[in-house]
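Okay, here's what each chain looks like letter by letter:
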Amino acid sequence: MVEDLLTWLGAQDPATLFWLAVVLVVLGYLFSLWAHPWAKCGLCKGKARHVGAVYTYAWRPCRRCGGSGRKYRLGVRMTGIGRLRSA
Ligand SMILES: [Zn+2]
């Protein structure tokens with residue numbers, strides 16, 4: 001089974017193998033978007049809070065993520081993959 005696959009791969013054109021690898025990487029990335037659509041908010045680093053500089057116990061919700069601490073990954077915003085999963 002594995003030998004058959006290796007034999008088949010060895011018989012292919014290098015360009016074909018290159019594009020096969022590209023397709024596998026892209027599919028892996030799309031699966032990753034579906035599995036994990038969120039990333040940490042870049043402004044609050046996922047803490048969801050904006051803390052005061054002097055009164056460090058005081059905070060308000062981060063204005064960029066609205067207090068969720070998360071943002072959609074770039075690929076999710078571009079493709080919409082994973083949006084349906086996340087409430
Ligand atoms: Zn934030």
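Right above here is the structure, for reference.
Here goes a summary of the coordinates provided. By convention here, each chain's residues receive numbers from 1 onward along its written sequence. Restriction of local features to residues with pLDDT of at least 70 applies here, the model being predicted, together with a cutoff of 80 or more for giving and counting side-chain atom pairs; totals for whole chains, interfaces and linings are based on all residues.

Right, let's talk about the overall build of the protein chain for a bit. Check the secondary structure of the protein chain and you find three helices and four strands. For the purposes of this entry, the term helix denotes a DSSP run of H or I that reaches at least four residues, the term strand denotes a run of E that reaches at least two, and both are numbered from the N terminus. For the protein chain, the sequential pattern of α-helices and β-strands runs α-α-β-β-β-β-α. The C-alpha atoms of the protein chain give 21 Å as radius of gyration, which overshoots the globular expectation for 87 residues (12 Å, by more than 25%). Each principal axis of the C-alpha atoms in the protein chain carries an extent, and together these give about 65 × 25 × 25 Å. Comment: burial labels come from other C-beta atoms within 10 Å of the residue's own C-beta, placed from the backbone, where a count of 20 or more is buried, 12 or fewer is exposed, and between is partly exposed. Among the 87 residues that make up the protein chain, the fraction classed as buried is 7%. Just to be clear, the radius of gyration here is over C-alpha atoms, and the globule rule we use is 2.2 Å times residues to the power 0.38.

Let's shift gears to unusual backbone geometry. Backbone geometry places Lys-45, a non-glycine residue, at a positive phi of 60°. Among the secondary structure elements, Lys-45 is positioned in the loop between strand E1 (38–40) and strand E2 (49–51). Judged by C-beta crowding, with 11 C-beta atoms within 10 Å, Lys-45 ranks as exposed. Positive phi values are uncommon outside glycine, yet Ala-48 reaches one of about 70°. Among the structural elements, Ala-48 can be located in the loop between E1 and E2. Judged by local crowding, Ala-48 falls into the partly exposed class, with 19 C-beta atoms found within 10 Å.

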